[in-house]
Amino acid sequence: MRANTQGLRWLRATAYNVLAIGLGILAGLLVVVYAGGNLGVALSSLFLSPIELAGGSQQIFVRFVLFYTMGMGVGLALKAGLWNIGAQGQLLIGMVMVFVVYAFLAFLPWPVLYVAMILGAALGGLLWIAVPTILRVKFGANEIVVTILLNVVAINFAFFMLSGPIKSAGTALGFPHSVELPAKFQIPGIVSSVPITYAVPATIAMGIILYLVVERTPFRVKANTVGESHETAKYAGISIPRVMAVTMLTAGALAGLAGATYIMGYRYELDIGSFSTNYGLVAIICALVGRKHMLGIGLASFFFAYMTIGAESMALSANVTTYVVFAMEGIMMFGILLGNYLTERRYAG
Amino acid sequence: MTVALSDVLIGVFSTTLQLSPFYLFAGMGEVVSEQSGVANMGLEGIMLMSLMTTFVVDYMTGNPWVALLAAIGVAGVIGAFFAFTAIRLRVDQIASGLAVYLIGLGLSFVIFNTVYPSGLTPNYIPLPPLITNWNTGPPALGIIFLKQNVMAYVSLVLVVVTAFFLTRTSLGLRVRAVGENPKAADNMGVNVNKVRFLATLFAALTFGVAGFYFAGNFVPGFQTDVIAGRGFIVLAMIYFANWKPYRVLFAALSFNIVYAAQSEFVSLSGFGVASISTLFNMLPYVFLLALIPIFGRKARAPKFLLKPYKKG
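Residues numbered from 1 in each chain as written. Chains lettered and ligands numbered in written order. Predicted model: local features only at pLDDT ≥ 70, side-chain atom pairs only at ≥ 80, totals over all residues.

Asker: What exactly am I supposed to notice about the overall build of chain B here?
Answerer: In terms of helices and strands, chain B carries 13 helices and 0 strands. Tracing chain B from N to C terminus, the helices and strands come up as α-α-α-α-α-α-α-α-α-α-α-α-α. Against the compact-globule benchmark of 20 Å for 312 residues, chain B has a radius of gyration of 20 Å, which places it among compact chains. In terms of its C-alpha atoms, chain B occupies a principal-axis envelope of roughly 70 × 45 × 40 Å. (Helix = DSSP H or I, 4+ residues; strand = E, 2+ residues; numbered from the N terminus. Rg over C-alpha atoms; globule rule 2.2 N^0.38 Å.)

Asker: In this structure, what is going on with the overall build of chain A? I would like to understand it.
Answerer: Along chain A, the regular secondary structure elements total 13 helices and 0 strands. Walking chain A from its N terminus toward its C terminus, one meets helices and strands in the order α-α-α-α-α-α-α-α-α-α-α-α-α. Taking 20 Å as the expected radius of gyration for a compact globule of 349 residues, we find that chain A reaches 21 Å, a close match to that expectation. Its C-alpha atoms give chain A principal-axis dimensions of roughly 65 × 60 × 35 Å.

Asker: Sorry, what's going on with the packing of helix H6 (residues 143–163) of chain A against helix H10 (residues 230–240) of chain B here?
Answerer: To characterise two packed helices, one gives the angle between the axes of the helices and the distance between these axes. Their axes nearest at 9 Å, the elements H6(A) and H10(B) cross at an angle of 135 degrees. Judged on the interaxial angle alone, H10(B) and H6(A) are oblique. When you trace H6(A) past H10(B), the crossing you get is left-handed. Facing A:Val145, A:Ile148 and A:Leu149 of H6(A), the residues of H10(B) in contact are B:Phe232, B:Leu235, B:Ala236 and B:Tyr239. Each residue belonging to the contact of H6(A) with H10(B) can be placed in one class, and the counts come to 7 nonpolar, no polar and no charged. (Axes fitted to C-alpha atoms, helices over the stretch in contact; angles between N-to-C directions. Parallel < 35°, antiparallel > 145°, perpendicular 65-115°, else oblique. Left-handed = near helix turned anticlockwise from the far one by under 90°. Contact = placed C-beta atoms within 7 Å. Nonpolar A, V, L, I, M, F, W, Y, C, P; charged D, E, K, R; others polar.)

Asker: For this particular structure, what's the right way to read the interface of chain B and chain A?
Answerer: Frequently, the measure chosen for interface size is the accessible area that the parts lose on association. Taken together, the contact between chain B and chain A spans 41 residues of the former and 41 residues of the latter. The set of elements that each furnish at least two residues to the side of chain B that touches chain A consists of helix H4 (93–115), H10, helix H12 (277–281) and helix H13 (283–296) of chain B. In terms of residue count, H4(B) provides more of the side of chain B that touches chain A than any other element does, 15 residues in total. Considering only residue class, the side of chain B that touches chain A consists of 26 nonpolar, 11 polar and 4 charged.

Asker: Please clarify how helix H5 (residues 110–139) of chain A should be interpreted in this entry.
Answerer: Given 3.6 residues to a turn, an α-helix orients residues that are three or four positions apart in the same direction. Here H5(A) contains 30 residues, and its C-alpha end-to-end distance of 42 Å stays within 8% of the 44 Å for a straight helix at 1.5 Å per residue. At A:Ala130, H5(A) is bent by approximately 30 degrees, the largest bend along its length, and proline A:Pro132 sits one to four residues beyond. (Expected span 1.5 Å × (residues − 1). Bend = angle between axes of the 7 residues up to and from the residue.)

Asker: It is not clear to me how the packing of helix H1 (residues 5–35) of chain B against helix H6 (residues 150–168) of chain B should be interpreted in this structure. Could you clarify?
Answerer: Residue and element names in this part refer to chain B. Interhelical geometry of H1 versus H6 gives an angle of 25 degrees and a closest axis separation of 8 Å. Our classification of the angle between H1 and H6 gives roughly parallel. As H1 runs across H6, the sense of the crossing is left-handed. Touching Leu 17, Gln 18, Pro 21, Leu 24, Phe 25, Met 28, Val 31, Val 32 and Gln 35 of H1 are Met 151, Ala 152, Ser 155, Leu 158, Val 159, Thr 162 and Leu 166, all from H6. Per-class residue counts for the contact of H1 with H6 are 12 nonpolar, 4 polar and no charged.

Asker: What am I meant to see in helix H3 (residues 64–88) of chain B here?
Answerer: Compared with an ideal rise of 1.5 Å per residue, which puts 25 residues at 36 Å, H3(B) spans 35 Å between its outermost C-alpha atoms and is within 8% of the ideal. Backbone geometry just downstream of H3(B) places B:Arg90 in the positive-phi region, at approximately 55 degrees.

Asker: How should the domain arrangement of chain A be read in this particular structure?
Answerer: All names here are of chain A. The domains assigned to chain A are domain 1 (1–37 + 318–349) and domain 2 (53–305). With 5 residues of domain 1 at the interface, the matching set in domain 2 holds 5 residues. Per-element accounting of the side of domain 1 that touches domain 2 gives the leading share, 4 residues, to helix H13 (residues 324–347). (Domains from an automatic or database assignment.)

Asker: Even after reading the chapter, I still don't get the environment of A:Tyr34, so can you show me in this structure?
Answerer: Looking at the secondary structure, you find A:Tyr34 in helix H1 (residues 2–34). Each C-alpha atom of the pair A:Tyr34 and A:Gln59 lies 27 Å from the other, and the pair is 25 residues apart in sequence.

Asker: I'm lost on the nonpolar core in this one. Help?
Answerer: With 222 residues, the main nonpolar core has A:Phe67, A:Met70, A:Val98, A:Leu149 and B:Met237 as its most contacted residues. Among the elements that take part in this core, H6(A) stands out by supplying 16 residues, more than any other. Shared between two domains, this core takes at least three residues from each, and those domains are domain 1 (1–37 + 318–349) and domain 2 (53–305) of chain A. Beyond its immediate chain neighbours, meaning those up to four positions away, A:Met70 contacts A:Ala87, A:Leu91, A:Leu254, A:Ala255, A:Ala258, A:Tyr279, A:Gly280 and A:Ala283. (Core = buried A, V, L, I, M, F, W, Y, C linked by C-beta atoms within 7 Å. Buried ≥ 20, exposed ≤ 12 C-beta atoms within 10 Å, placed from the backbone.)

Asker: For this particular structure, what's the right way to read the environment of B:Gly221?
Answerer: Residue and element names in this part refer to chain B. Along the chain, Gly 221 falls in the loop between helix H9 (192–217) and H10. Sequence separation of Gly 221 and Met 52 is 169 residues, and the distance between their C-alpha atoms is 8.9 Å. Beyond its immediate stretch of four places on either side in the chain, Gly 221 contacts Phe 55, Thr 121 and Tyr 124.

Asker: Explanation requested: the environment of A:Gln90 in the structure shown.
Answerer: All names here are of chain A. Along the chain, Gln 90 falls in helix H4 (residues 87–104). A count of 34 C-beta atoms within 10 Å places Gln 90 in the buried class. The spacing of Gln 90 and Thr 217 is 127 residues in sequence and 27 Å in space, taken between C-alpha atoms. Sequence-distant contacts of Gln 90, defined by excluding residues within four places in its chain, comprise Gly 125, Trp 128, Ile 129, Gly 252, Ala 255 and Gly 256.

This is the structure:
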């Protein structure tokens, strides 16, 4: 009986999520058709272009890796009741760090430098989130406010680095960009015909490891208790500062790492086009849709990777700005929240 | 090249007075809303929608006052929807705030791009400065204090009114009561969710005014993501201000003095766009961050901030 209720509840929640996502897609379709786009073309770009071997499929996996890596960090911090709104900033610092290590530790032999670039990106994200973490743990400062502030600082800092220390000698005029990483510093594809890099299995493996470490150990209970109530956590003898620090710092390191996979596995160079992508906010949506569960976030990330690529090419098919995708994401997020409300209300008490 | 110090100071102070009202409008609304227990993280999305509305309506009617009304109207509609979900449906305020931000970020540009696909627009008609010809007294005073448009002075009045409202009026006390202890307020016969709804709606209206003000004083025309995080900074200012209106005024003025000083310095030093100047652009934000250990320690949020209330 109990299991049955649980199953029904899950079904209902899923149904609402699907409905919410459908609503967002519908809104996007309306805009595209209003702008004079062909409905058939729009639908086929939305659903089919992401799996076209030539272009979309690579993009899907790039975004899946981004959303999943960052989303796990956001979800982890959320378990402890902490909002990391700053994933975008940490991601950016990670991207910058790849080139900082590449430029300033160039004397290292190839395999060491390769690893150092990846670790440097993670370290950059970790240091960037260390500021809100310390301010939160030591001074009780609100982490939402501080991570938001640091996003703005990160963009300015990245722009400074790009226009000076890591600028390519080739950019005399126009917008500054970094050097392009040579092939041996790129994350290679698994098979040559399908553009999926080793970052994809590595991310999935990391997701499984985090699932085992976070969801299958007492840590889950500890983090959740801190997230639910500090008083209960104190009573249970849980070290609140420690749980906060571990979840926040991991979140920062993961977002920095996402920056490394984005640069080394896809873009190979940094320019201001990568600055205001808002991937950090999509990672928050993925964490919420995945219900803060390390594997659930993976499913949500894959879905949002597919959806955002499809929606972007749908917008382009009718000459509509890709900014419509942000509006669609916002509508989906609202819908999902309302769905949660309806589910909770039905099963409350 | 020698530059008179007095000219630099005049530049810094007049820029400060020109930019601060944007933060003051939004700040006063958000203070009232957060004092009642509801934080609207989507403020920048609402501002983007109002800013877009301001430009479009101003282009079409040539009348900035009509644009102001339209901007407030748009903000009110979005704010009412947010308030309904956050208060009545008890949806997570941070998540729904971010949803509002995303919708505003996307929709504002989609609409603008639909109305002006080529990007070519008529000229924006701003509000006139309060006084155009200042003949008596030292000219510096005129440049600093009187060349702003009337909304700048309205924002200063709003600070005084908000402070008075929150501490001296019975509705203001009810606003604080429902944020501090909704249960007790309810027992005393206060309609908790109604007060919260009014406070949240008021906040949204001030975001509309802030979006309108942004048009005349920050940018010449609408672009994607043009507010660029400045709306979110308001949340930080309120935090440092410990949810007190006069301290928000202090935070906004000092943030903008640092901002104006660094941009004056950068333009005088001739660093050019793409170099050290970006490092200086970080200063105002780093300045706010540095205030945390000093002011953040004593900051105490309204006790039931972010917590929905259910009767019974």
